[in-house]
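The residues making up each chain are set out below.
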Amino acid sequence: MVGKDARVGYAPGVYDLFHIGHLNILRMARSQCDHLIAGVVSDEMAELAKGRRPVVPLSERLEIVDHIRFVDQVHAETVPDKLETWSELKFDIFFKGDDWKGTRKGIELERRFGDVGVEVVYFPYTRETSSTILRNFLAAS
């Protein structure tokens, strides 16, 4: 149970081929809230957003993320609308990679969350390591 004055954060991601960038985001997110929910995007939602399914299936990604000490709760994200997820979880802070900052999508996300009192916090995207880089490396091997 989360205390009534606790600041709840939500950090969504596919978390495929879990790497240091994922760990950094979860660590930074946890440092800015009292209770961190990691939203693990479903295989179907990842395919919808990125055009490809994750390498690691949802059930395994949920288990991996659930065992990260910075994470207090995991949530399988199965809907494309983040506001719908907020309606269910009622978080106070939404964490996102800074690759969204200033983009049309990011501005719209900030506006919609601002309407319900949710703060959007951006973290630096880890450019040196990403699931895409790892996937491409594995495909070339």
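Residues numbered from 1 in each chain as written. Predicted model: local features only at pLDDT ≥ 70, side-chain atom pairs only at ≥ 80, totals over all residues. Heavy atoms only, no water.

## Side note on helix 5 (residues 104–115)
- The end-to-end C-alpha separation of helix 5 is 17 Å, in line with the 16 Å expected for 12 residues at 1.5 Å each.
- Listing the buried residues of helix 5 in full gives Gly106, Leu109 and Phe113. The buried residues of helix 5 occupy one face: seen down the axis, they fall within an arc of 60 degrees. Across helix 5 from its buried face, at more than 90 degrees, point the exposed residues Arg104 and Asp115.
- Looking at the buried side of helix 5, the elements it contacts are helix 4 (82–89), strand 4 (93–97) and strand 5 (119–123).
- Where helix 5 terminates, the next one or two residues include glycine 117, which has phi positive at roughly 85 degrees. (Helix = DSSP H or I, 4+ residues; strand = E, 2+ residues; numbered from the N terminus. Expected span 1.5 Å × (residues − 1). Buried < 20%, exposed > 50% of the residue type's maximum accessible area, 1.4 Å probe, protein only. Arc of directions from axis to C-beta. Contact = heavy atoms within 4.5 Å.)

## Some thoughts on the sheet that holds strand 4
- Strand order in the open sheet formed by 5 strands is 3-2-1-4-5, and the pairing between neighbours is parallel. Among the strands making up the open sheet, the edge pair consists of strand 3 (73–77) and strand 5. Ignoring which end each strand starts from, the neighbouring axes of this sheet average 25 degrees apart.
- Relative to strand 4, strand 1 (residues 8–13) runs parallel, the two sharing 2 bridges. Along strand 4, the bridge assignment pairs tyrosine 10 with phenylalanine 94.
- Of the strands in this sheet, strand 1, strand 2 (35–41), strand 4 and strand 5 touch helix 1 (residues 20–30), which is tilted by about 150 degrees from strand 2.
- Running at roughly 160 degrees to strand 2, helix 3 (residues 58–66) makes contact with strand 2 and strand 3 of the sheet. (Pairing = 2+ DSSP bridges. Axes fitted to C-alpha atoms, helices over the stretch in contact; angles between N-to-C directions.)

## Things to note about the packing of aromatic side chains
- In the structure shown here, the tally under the stated rule is 7 aromatic pairs.
- On the numbers, 4.7 Å between centres and 10 degrees between planes, the contact of tyrosine 10 with phenylalanine 91 is stacked. Residue tyrosine 10 is found in strand 1, and its partner phenylalanine 91 is found in the loop between helix 4 and strand 4; the two are separated by 81 residues along the sequence.
- Here phenylalanine 91 falls in the buried class, since its relative accessible area comes to 1%.
- Measuring from centroid to centroid gives 4.8 Å for phenylalanine 94 and phenylalanine 113, while their planes differ by 40 degrees, and the two rings are tilted. Placement of phenylalanine 94 in strand 4 and of phenylalanine 113 in helix 5 is noted, with a sequence separation of 19 residues between them. Grouping residues by exposure puts phenylalanine 94 and phenylalanine 113 together as buried.
- An aromatic cluster is present here, built from Tyr10, Phe91, Phe94 and Phe113 joined pairwise through their rings.
- Looking at lysine 90, its charged tip hangs above the ring of tryptophan 86, at a distance of 4.2 Å from the centre. (Phe/Tyr/Trp six-rings, centres within 6.5 Å; stacked < 30°, edge-to-face > 60°. Lys NZ or Arg CZ within 6 Å of the ring centre and 35° of its normal.)

## Quick notes on the environment of glycine 117
- Inspection of the secondary structure assignment puts glycine 117 in the loop between helix 5 and strand 5.
- Residues glycine 117 and isoleucine 93, 24 residues apart in the sequence, show an inter-C-alpha distance of 8.9 Å.

## Some details on the nonpolar core
- Ala11, Leu26, Leu36, Val65, Val71 and Phe95 are the most contacted members of the largest nonpolar core, which has 18 residues in total.
- Elements with a contribution of two residues or more to this core: helix 1, strand 2, helix 3, strand 4 and strand 5.
- Once you skip the residues sitting within four places of it in the chain, leucine 36 turns out to touch Gly9, Tyr10, Ala11, Leu26, Ala29, Arg30, Phe70, Val71, Asp72, Gln73 and Phe95.
- Membership of the second largest hydrophobic core comes to 13 residues, among which are Val8, Trp86, Phe91 and Phe113. (Core = buried A, V, L, I, M, F, W, Y, C linked by side-chain atoms within 4.5 Å.)

## A word on the packing of helix 4 against helix 5
- Viewed as axis vectors pointing N to C, helix 4 and helix 5 meet at an angle of 30 degrees, and their least axial separation amounts to 10 Å. Relative to helix 5, the element helix 4 is oriented roughly parallel. Once helix 4 is placed against helix 5, the crossing between them reads as right-handed. On helix 5, the residues that touch Lys82, Leu83 and Trp86 of helix 4 are Leu109, Arg112 and Phe113. (Parallel < 35°, antiparallel > 145°, perpendicular 65-115°, else oblique. Left-handed = near helix turned anticlockwise from the far one by under 90°.)

Any functional reading would require information that these geometric values do not contain.
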